[in-house]
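Chains, contacts and geometry: an overview
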Amino acid sequence: MDVPRTVRRALADRTIDGRVCLEAGAGVGNATVGLLEAGAAEVYALTDDAEHARDVRDRVAGDDRGSILRADLRSIPLPDDAVDVVTAHALFNVLPPADAATVAAELTRVVAPGGCLVVDDYAPLPGSSPVRRLFAVENAAAELAAGRPALTFYPVAGLERLFAGYGWRLDRTRTILEPVPWTSDLLEAHADVVRRHTATLPAALAEPLVDRADRLVDEIGSAAVGEMYSLAMTAPEREST
Ligand SMILES: C[S@@+](CC[C@H](N)C(=O)[O-])C[C@H]1O[C@@H](n2cnc3c(N)ncnc32)[C@H](O)[C@@H]1O
């Protein structure tokens, strides 16, 4: 099913077989196909993006264990305790800090007591890395155009503490990719995000940002830097009322 190796590495030591799962922030469904391959009884793939929802629907077509939910993670359309396993693979880097706690609370609500959460994401890049400077330009453009950052790279300890605050117990952390390959196509796509955000801005603001992004993409070419980590946690027991 063409499952990325980061997904396979993150799921390798988790019990997925026969369990009901949620891929939070499905993108093109990379974790959804990993969960299906690992024997999940059912997988909900949730995204707020219509194109992603179509892509995942096409990717899982013919497997009746997959369901697509087009919704906002800040208000998940599932009842309490509905799933055994949640994956958030490369989700948190696109969640602004203002949304992270609301999403963590919702993920906690929908997982049954004793269930499992796997959060995989990118560690902050070294300040000296030109890739980090490109993402800074992208964030500047997104802040000016939409009032929120495009990307936030959370340190592993930050997400661990966020979920500990909702009662999650840490089972393990591990590196699933190091260094991270930033290909020229991927970096071009980030420069395109700068172009999209700045399209609505006055030229005096837009042009320096687009120029800076294009120059960084040319200068970098491709790069291998940083780490992708995986956190696995166990859900808290519910307090009796
Ligand atoms: C970078 S992609 C994730 C990739 C995917 N999990 C994978 O393994 O490749 C992030 C996904 O999360 C979705 N997303 C971001 N914020 C969201 C929110 N508040 N509610 C629902 N989906 C969200 C995006 O639309 C996108 O589908």
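Going by the structure above, here's the rest.
Here goes a summary of the coordinates provided. (Residues numbered from 1 in each chain as written. Predicted model: local features only at pLDDT ≥ 70, side-chain atom pairs only at ≥ 80, totals over all residues. Heavy atoms only, no water.)

In this section: the pattern of salt bridges. Scanning the entire structure with this criterion turns up 14 salt bridges. In this structure, Asp80 engages Arg109 in a salt bridge whose closest nitrogen and oxygen atoms are separated by 2.9 Å. With Asp80 in the loop between strand E3 (66-70) and strand E4 (83-89) and Arg109 in helix H4 (residues 97-110), this pair connects stretches of sequence that are 29 residues apart. By relative accessible area, which is 49% here, Asp80 ends up partly exposed. You can call Arg109 partly exposed: its relative accessible area is 23%. Between Arg169 and Asp171 there is a salt bridge, with its nearest N and O atoms 3.1 Å apart. Accessibility expressed as a relative area gives 53% for Arg169, which makes it exposed. (Salt bridge = Lys/Arg side-chain N within 4 Å of Asp/Glu carboxyl O. Helix = DSSP H or I, 4+ residues; strand = E, 2+ residues; numbered from the N terminus. Buried < 20%, exposed > 50% of the residue type's maximum accessible area, 1.4 Å probe, protein only.)

Strand order in this open sheet of seven strands is E3-E2-E1-E4-E5-E9-E6, and the pairing throughout is mixed. Two strands lie at the open edges of the sheet, namely E3 and strand E6 (169-177), each paired on one side alone. Across the sheet, the mean angle from the axis of one strand to that of its neighbour is 15 degrees, orientation sign disregarded. Sheet topology places strand E1 (residues 20-24) next to E4; three bridges connect them, and they run parallel. Directly across from Leu22, in E4, lies its bridge partner Val86. Against the sheet, helix H3 (residues 50-59) touches strand E2 (42-47) and E3, its axis set at about 175 degrees to E3. (Pairing = 2+ DSSP bridges. Axes fitted to C-alpha atoms, helices over the stretch in contact; angles between N-to-C directions. Contact = heavy atoms within 4.5 Å.)

Taken as a whole, this structure holds seven aromatic pairs when the rule is applied. When the ring of Phe92 is compared with that of Phe163, the centres are 5.9 Å apart and the planes differ by 80 degrees; the resulting orientation is edge-to-face. Taken together, the residues span a long stretch of sequence, with Phe92 in the loop between E4 and H4 and Phe163 in helix H6 (residues 156-164) at a distance of 71 residues. Across the pair, Phe163 and Phe92 agree in class, each one buried. Their ring planes at 35 degrees and their centres at 6.0 Å tell us that Tyr122 and Phe153 sit as a pair that is tilted. Taken as a pair, Tyr122 in strand E5 (residues 111-122) and Phe153 in the loop between helix H5 (130-146) and H6 lie far apart in primary sequence, 31 residues in all. Note on accessibility: Tyr122 and Phe153 belong to one class, buried. Three or more aromatic residues link up through ring pairs in this structure, and these residues are Phe92, Tyr154, Phe163 and Trp168. (Phe/Tyr/Trp six-rings, centres within 6.5 Å; stacked < 30°, edge-to-face > 60°.)

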